[in-house]
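Single-letter residue listing:
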Amino acid sequence: MTNQTSDSSSLAALRARSQQVLRDNDRGGYTVPSAKLYPFQWNWDAGVTALGWMSFDEPRAWQELRMLFRGQWDNGLVPHIVFHQHADSYFPGPDQWGVPHTPPTSSISQPPLLATMVRLMLERAADRAGAEAAARELLPKLVASHRWWYRERDPAQSGLVASFHPWESGVDNSPAWDAPLAVVPPATRTYQRRDTQLVNAAQRPHKAEYDRFLALVDLFRELDFDGAKIYAQSPYRVADFGLNAILQRATLDLAALCRQYGQAEGAAELDAHAARARPALLGCWSESLQQYVSRDLITGQPLERRVHSGFLAWYARLDDPRHDALLRSSLAGWLERAPFGLASTHPDAPQFEPQRYWRGPVWPHFNWLIAEGCAHYGMADLHDRLRDDTQRLLQGAGLYEYFNPHTGEGYGGDNFSWTAAIALHWLDSPR
Ligand code: GLC
């Protein structure tokens, strides 16, 4: 076999395997991220997973998003978990969150990439009529969710929305949250984690973090999920650069969708939010680290940690030539420090742990978010490096949740949905 034939047959095998993972994780219209570890529907996973379904079953792709919005609250919040059906293998389940909604949900959100996924799905759709109908149906729900972020999470109109829980960032135990989480009084009640029964504990967050994750869940329930009270009383309030960058991009995409569907007023409102957010995002630049960083909104201090979310500036279309050039050389250097990039925490940072979840491992969908921005700004070399490293990981280790950047070993859940979805999306993208 020539190299090219063996490449194309192994890419065909990756495609077949990825489609199978999504089919196996389908629970009748929504996709669980991983059969045992995450047996419900997650917010940003659903967005990425819908993009993966788009490559081989368009109606099913739109269905993923429709199902997620069944969990949307009247105030616009799209929860981070929708508990469509009962399952025992996850903690904290619906009884812990205590949210009075049908279907039951968690009480926090997640990085809002859905509007961007809808726009990408529309661009790819072969069934134009089906896609247009789905997009029209989703549009008001997306607008309501963006209004929720701006109203509830940035009442002072600073341009940056607050997150109330590390889980809301999607990068649960990132070193960026160490300082703000340390001041949260830990839960003292006894509880039984399920994740460490399913996955090696060395690859999961520490107990000290979990005690605080749970304390915040308890606090939100005690405050009746009242956004204003939580904003005032939560001991954890962070302007997460990654979440705000993802929101910014989604707002730009949602404004474009509103214009496309004749909703000029909605578009103007979203444009105004984006115009306010851009300088605030640019203000997250750290001269000492030469990258964008998050901020603790309680102390006002920047969270100076070398984590990969700073590279979402391109995805967010921030357009700052000086910062972009510095970031470009920083990304190239970061990739040189591990054969399977991109490490979620810089390998030279003292907090780097190559096997522990968001403290070092490579995450395929995050690679894609960063690479998408690289491609947009003409950095094809960096885009291709991220794509090829990701494919090499998946072909070598399998469709795991995350990977060791030094050894390429796969960790966490196997047969993972958004990993499969990104494989499919990249296989379908022009080379
Ligand atoms: C973990 C991840 C989060 C993801 C969820 C389901 O909590 O940190 O980003 O959405 O698992 O895959």
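Residues numbered from 1 in each chain as written. Predicted model: local features only at pLDDT ≥ 70, side-chain atom pairs only at ≥ 80, totals over all residues. Heavy atoms only, no water.

Trainee: Honestly, the nonpolar core in this entry has me stumped. Any pointers?
Mentor: Across soluble globular proteins, you tend to see nonpolar side chains buried next to one another. Ranked by internal contacts, the top residues of the largest apolar core, which has 141 residues, are Trp62, Leu113, Met121, Tyr292, Leu331 and Ile370. Excluding residues within four positions of it along the chain, Trp62 makes contact with Met54, Val118, Met121, Leu122, Ala131, Ala134 and Leu138. (Core = buried A, V, L, I, M, F, W, Y, C linked by side-chain atoms within 4.5 Å. Buried < 20%, exposed > 50% of the residue type's maximum accessible area, 1.4 Å probe, protein only. Contact = heavy atoms within 4.5 Å.)

Trainee: Looking at this model, I keep getting lost on the side chain of Gln351. Mind explaining?
Mentor: Tracing the backbone shows Gln351 in the loop between α14 (321-336) and α15 (364-376). Since its relative accessible area comes to 17%, Gln351 is described here as buried. What Gln351 contacts, discounting residues up to four positions off in sequence, is Pro175, Asp178, Arg305, Thr345 and Arg359. (Helix = DSSP H or I, 4+ residues; strand = E, 2+ residues; numbered from the N terminus.)

Trainee: What should I look at first to understand the site of the ligand in this one?
Mentor: The ligand sits among Pro33, Tyr38, Trp42, Trp44, Asp45, Gln110, Gly170, Asp172, Tyr357, Trp358, Phe416 and Trp418. In this structure, Tyr38 approaches the ligand through a side-chain N or O atom, which is 3.3 Å from an oxygen atom. Contact between the ligand and Asp45: an oxygen atom at 2.6 Å from a side-chain N or O atom of the residue. Protein contacts shield 97% of the accessible area of the ligand, which totals 310 Å² for the unbound molecule. Among the residues making up the shell around the ligand, the classes are represented as 8 nonpolar, 2 polar and 2 charged. (Near = heavy atom within 4 Å. Polar contact = N/O pair within 3.5 Å; in protein donor to acceptor, adjacent residues only side chain to side chain. Areas by Shrake-Rupley, 256 points an atom, 1.4 Å probe, with all protein chains shown as cover. Nonpolar A, V, L, I, M, F, W, Y, C, P; charged D, E, K, R; others polar.)

Trainee: Which parts of the structure should I look at to understand the state of the cysteines?
Mentor: By definition, a disulfide links the sulfur atoms of two cysteines through a covalent bond. Per the stated rule, a full pass over the model turns up 0 disulfides. Unpaired in terms of disulfides, Cys374 finds its nearest cysteine sulfur in Cys284, a separation of 19 Å. Overall, the relative accessible area of 0% leaves Cys374 in the buried class. (Disulfide = S-S within 2.5 Å.)

Trainee: Explanation requested: the sheet that holds strand β6 (residues 294-296) in the structure shown.
Mentor: Within a sheet, neighbouring strands are paired by backbone hydrogen bonds and run either parallel or antiparallel to one another. Spatial ordering of the open sheet is given by β3-β6-β7, a layout of 3 strands whose pairing is antiparallel. Two strands bound the open sheet, and with one partner strand each, they are β3 (238-239) and β7 (302-303). Bridge count between β6 and β7: 2 bridges; the pairing is antiparallel. The partner of Ser294 across the bridge, within β7, is Leu303. (Pairing = 2+ DSSP bridges.)

Trainee: Is there a simple way to explain the packing of aromatic side chains in this structure?
Mentor: Each pair of aromatic rings is reported with the distance of its centres and the angle of its planes. Enumeration over the complete set of coordinates arrives at 31 aromatic pairs. Residues Trp44 and Trp418 carry aromatic rings whose centres are separated by 5.2 Å and whose planes lie at 85° to one another, so their mutual orientation is edge-to-face. Of this pair, Trp44 sits in helix α2 (residues 43-53) while Trp418 sits in helix α17 (residues 417-428), and the two are 374 residues apart along the sequence. Among the residues examined, Trp44 registers a relative accessible area of 1% and is labelled buried. Of the residues examined, Trp418 reaches a relative accessible area of 4% and is grouped as buried. (Phe/Tyr/Trp six-rings, centres within 6.5 Å; stacked < 30°, edge-to-face > 60°.)

Trainee: Which parts of the structure should I look at to understand the packing of helix α5 (residues 114-124) against helix α12 (residues 241-260)?
Mentor: The angle between the axes and the distance between the axes are what describe a pair of packed helices. Running from amino to carboxyl end, α5 crosses α12 at an angle of 50°, the nearest separation of the two axes being 7 Å. On the basis of their axis angle, the class for α5 and α12 is oblique. Along this stretch, α5 crosses α12, giving a crossing that reads as left-handed. Contact residues: Ala115, Thr116, Val118, Arg119 and Leu122 in α5; Arg249, Ala250, Asp253, Leu254, Ala256, Leu257 and Gln260 in α12. Broken down by class, the residue content of the contact of α5 with α12 amounts to 7 nonpolar, 2 polar and 3 charged. (Axes fitted to C-alpha atoms, helices over the stretch in contact; angles between N-to-C directions. Parallel < 35°, antiparallel > 145°, perpendicular 65-115°, else oblique. Left-handed = near helix turned anticlockwise from the far one by under 90°.)

Keep in mind these values describe shape, not function.
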